[in-house]
Amino acid sequence: MISKPTAMLLTGNHAVSYGAMLARPKVIPIYPITPQTPIAEKLTELQLSGALEAETMTPESEHSAMAACITASLAGVRVFTATASQGLMLMHEMLHYASGARAPIVMANVNRTIGSPWGFWPDQTDSLAQRDTGWIHYYTESAQESLDTVLQAYRTAEQVSLPAMVIHEAFYVSHSLEVVEVPSHAMVDSYLPPFTPEIMLDPSINRSWGNVVNQEMFWRHRKYLGEAMEQTLEVAAKADAQWKELTGRGYELVEAYRCADAEVIIVTMGSMAGTTREAVDMMRARGLAAGLLKVRLFRPFPVQKLQSLLKGVPRVMIMDRNFSPGLGGVLHQEVKAALYGMKKAPPLYGYLVGVGGLNVSPALIEKLVRRTLREKAEINSIWVGE
Amino acid sequence: MENKANAARYYDIHEEKVFNSGHQACPGCGQALAFRYVLNTMGPETIAVVPPSCAAIISGPQPYSSMRIPVYQTTLEASAASAAGIKRALIARGKEHVHAIAIAGDGGTYDIGFQALSSAAERGEDIIYFCMDNEGYMNTGTQKSSSTPRYAYTTSTPGGKPTKKKNLAEIMAAHQIPYVATATVGFPDDLVRKVKKAKEIKGTRVIIILTPCLDGWGLADNASVKISRLAVFTGIFPLYEVENGVKYTLTHGSDGTPISAYLKPQRRYRHLTAEQIDTIQQEVDEQYDILLRRVKCFA
């Protein structure tokens, strides 16, 4: 029991575990994979110590872990799990099943390269490849933000009946130690009421889920799922504002940092947002008018917010730590689509940086900003590295 | 012949009306009978998991259901994990008395669902897993599964399956779970008794039920019960139970009827040569002998 907010030295992964513990999940089916494993280890340790009262389940695969998450959630309890990379790939089928069943599961995903070849490096392609699965996707940049976002994700997911993924990158966030303020149980309890769904799998309610539907029913089901996604924008913004009221920490769904009068705005997600914030300060100090736009909520994609923040900006550069072969950077393409047809749409410069976990330094960011100011925008994303 | 006499003598089953008429099974389907005996014995304090299979069709299309219990339809490989998730939630909610069961086909059990089932058994999940074994992917139009017996015709083994049926009962017994049983619709009293017994036990329980597929096996609409009894009397599908991986009990077995009596009525075996029938007879005899020795050894 955490009786008052406590500062602890935690890795990003352990911060996630504390966030999950504070949410009081009742069932945790979880399967180990590097670099997610410390999340699972800390949870089982907290359970053994009595700090966490939950059924932990150790199935033979991520596929079964997610299968159990879905039914446990539908049977009326709060659930948590975590995975990474290949594990998320194996879950893919069940991710669709989870959102289809409208199960408000919260899962942490630690971004790691997908094989082959084998690698362990931070790369966001694993979770971005799940963008059409009907999950809410949050990208976080620090241990503190990951802890806070797990709790915001529960609050949002349970109001809109959609599953939510909290995503941070391998090692840069997952294994870096930071001082994290762990909120008290009482604070979290006041923020996150117990999960008490009206409809669940229970003989006394006698409702079923998942059997075959006709075309019209399926169409209607997808439409409702889309409406829940739209609703999520407002619910998630409110959940963030309420968390800020309670703890003093808010992140917004899209954060604009020093964007006023910027000649170049850098759009990115995850740990690169933290590096960019530093780079922006350095560039501003040297008279280079750069700003950061951090996309924290990737699904639902905050199209209107991006339009209003990027309208009339002289130049916008997008940094992607992912790659969609045959198309380019996923965030680049999504921003392009979001701004299409808008009056005073800015020219977009897409950079494939940090793919495969390459380091993205403030110096590199400044170099790209200078290039952006110098060159004409190109349609395709440009490879940066070597 | 004693087996035949015994089985015919009584048919006294107390049924709770969980499974209903109006379901979508083919006329005379062996699996529909199994559904009736299983669900009406489990009773209303049950939540069922069903993967894609004939079982999913029999469950009924939205918004209808042939069962008066909550049913969750999962993916083909996930039945055991899905049932375990339900049971864990029930435990967390203090509703441990509610049963979580899975009803899957042999494709969803012997093949794609095996990994999840093996893990659930190893973890000792408190579920009852029913495998409706019709020896192939019948819902997709008769393709071979690892439960399809040697030489049987399927559309993916048009020349007859060259390899043996996987012995799932023995594999599950090797997990040393509290209860593994084989049963069939030709012996409803035996099937019901096994379901009742499983209900009283905690931990992972697996019951494999031979449910003839009239279309896939090539049989008349009224042949389901008859052929499943012949499967027992010829010894190709003996009825037994294994407790904790060691205590074997034969409930109904071979009476010496030759295997040809079982094979001949089935279209899936009509291409067999005399040598192939001999081979099957030899394999059945060998396996049956091993089973008898196990029963004796652990008696």
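Preceding block: the structure.
Structural notes, computed from the coordinates.

Conventions we followed
Residues numbered from 1 in each chain as written. Chains lettered and ligands numbered in written order. Predicted model: local features only at pLDDT ≥ 70, side-chain atom pairs only at ≥ 80, totals over all residues. Heavy atoms only, no water. 1 Å grid on protein atoms, 1.4 Å probe; cavity = no way out; pocket = protein on both sides within 12 Å on 5 of 7 lines; lining within 4 Å. Points joined across faces, edges and corners; volume = space filled by probe spheres on them. Nonpolar A, V, L, I, M, F, W, Y, C, P; charged D, E, K, R; others polar. Phe/Tyr/Trp six-rings, centres within 6.5 Å; stacked < 30°, edge-to-face > 60°. Buried < 20%, exposed > 50% of the residue type's maximum accessible area, 1.4 Å probe, protein only. Helix = DSSP H or I, 4+ residues; strand = E, 2+ residues; numbered from the N terminus. Lys NZ or Arg CZ within 6 Å of the ring centre and 35° of its normal. Pairing = 2+ DSSP bridges. Contact = heavy atoms within 4.5 Å. Axes fitted to C-alpha atoms, helices over the stretch in contact; angles between N-to-C directions. Buried area = accessible area lost by both parts, 1.4 Å probe. Salt bridge = Lys/Arg side-chain N within 4 Å of Asp/Glu carboxyl O. Polar contact = N/O pair within 3.5 Å; in protein donor to acceptor, adjacent residues only side chain to side chain.

## Concerning empty space enclosed by the protein
Okay, so step 1: Taken as a whole, this structure holds 1 cavity of 30 Å³ or more when the rule is applied.
Okay, so step 2: Here the largest cavity is characterised by a volume of approximately 30 Å³.
Okay, so step 3: Here the residues of the lining of the largest cavity sort into 1 nonpolar, 5 polar and no charged.

## A word on the packing of aromatic side chains
Okay, so step 1: Here the structure, examined in full by the defined rule, presents 9 aromatic pairs over all chains.
Okay, so step 2: On the basis of an interplanar angle of 55 degrees and a centroid distance of 5.1 Å, the ring pair of Trp118 of chain A and Phe120 of chain A is categorised as tilted.
Okay, so step 3: Overall, Trp118 of chain A belongs to the exposed group, its relative accessible area being 70%.
Okay, so step 4: Overall, the relative accessible area of 26% leaves Phe120 of chain A in the partly exposed class.
Okay, so step 5: Geometrically, the ring pair formed by Phe187 of chain B and Phe233 of chain B is edge-to-face, given 5.7 Å between the ring centres and 75 degrees between the ring planes. Taken together, the residues span a long stretch of sequence, with Phe187 of chain B in the loop between β5 (179-184) and α8 (188-200) and Phe233 of chain B in helix α10 (residues 224-233) at a distance of 46 residues. Phe233 of chain B carries the same exposure label as Phe187 of chain B, and that label is buried.
Okay, so step 6: Cluster of aromatic residues (ring-pair linked, three or more members): Trp118, Phe120 and Trp121 of chain A.
Okay, so step 7: Here Arg155 of chain A stacks its cationic end above the ring of Tyr191 of chain A, 5.3 Å away from the centre of that ring.
Okay, so step 8: In this structure, Lys166 of chain B is placed above the aromatic ring of Phe114 of chain B, and the distance from its NZ or CZ to the ring centre is 5.0 Å.

## Considering the environment of Gly357 of chain A
Okay, so step 1: Tracing the chain through its elements places Gly357 of chain A in the loop between β14 (348-352) and α12 (362-374).
Okay, so step 2: Sequence separation of Gly357 of chain A and Arg102 of chain A is 255 residues, and the distance between their C-alpha atoms is 33 Å.

## Remarks on the layout of surface pockets
All names here are of chain A.
Okay, so step 1: Roughly 1500 Å³ of volume is contained in the largest pocket.
Okay, so step 2: Lining the largest pocket are 46 residues, with Leu74, Gly100, Ala101, Arg102 and Trp209 positioned closest to its centre.
Okay, so step 3: Contributing elements (two or more residues each) for the lining of the largest pocket: α3 (62-74), α4 (85-100), α6 (143-160) and α8 (215-247).
Okay, so step 4: Counting residues per element, the lining of the largest pocket draws most heavily on α8, at 6 residues.
Okay, so step 5: In terms of residue class, the lining of the largest pocket is made up of 24 nonpolar, 14 polar and 8 charged.

## Notes on the sheet that holds strand β11 (residues 290-295) of chain A
All names here are of chain A.
Okay, so step 1: Spatially, β9-β11-β10-β13-β14-β15 is the arrangement adopted by the 6 strands of the open sheet, whose pairing is mixed. With partners counted over all chains shown, the strands left at the sheet margins are β9 (254-257) and β15 (382-383), one partner each.
Okay, so step 2: Those strands touched by helix α11 (residues 330-339) are β10 (264-268), β11, β13 (315-320) and β14, and its axis lies near 145 degrees from that of β13.

## Some remarks on the interface of chain A and chain B
Okay, so step 1: With 37 residues of chain A at the interface, the matching set in chain B holds 36 residues.
Okay, so step 2: For the pair chain A and chain B, the summed buried area comes to about 2900 Å², and 59% of that belongs to carbon and sulfur atoms.
Okay, so step 3: For the chain A face of the interface with chain B, the top three residues by lost area are Met57, Pro203 and Asn211 of chain A, together amounting to 19%.
Okay, so step 4: Counting across the interface, chain A meets chain B through 3 salt bridges.
Okay, so step 5: A salt bridge links Arg88 of chain B to Glu55 of chain A; the shortest N-O distance between them is 3.2 Å.
Okay, so step 6: The interface formed by chain A and chain B holds 18 residue pairs in polar contact (both at pLDDT 80 or more) in total.
Okay, so step 7: Residue assignment for the side of chain A that touches chain B shows that the elements contributing at least two residues are β3 (55-57), α3 and α4 of chain A.
Okay, so step 8: Of all the elements, α3 of chain A adds the most residues to the side of chain A that touches chain B, at 8 residues.
Okay, so step 9: Residue composition of the side of chain A that touches chain B, by class: 19 nonpolar, 12 polar and 6 charged.

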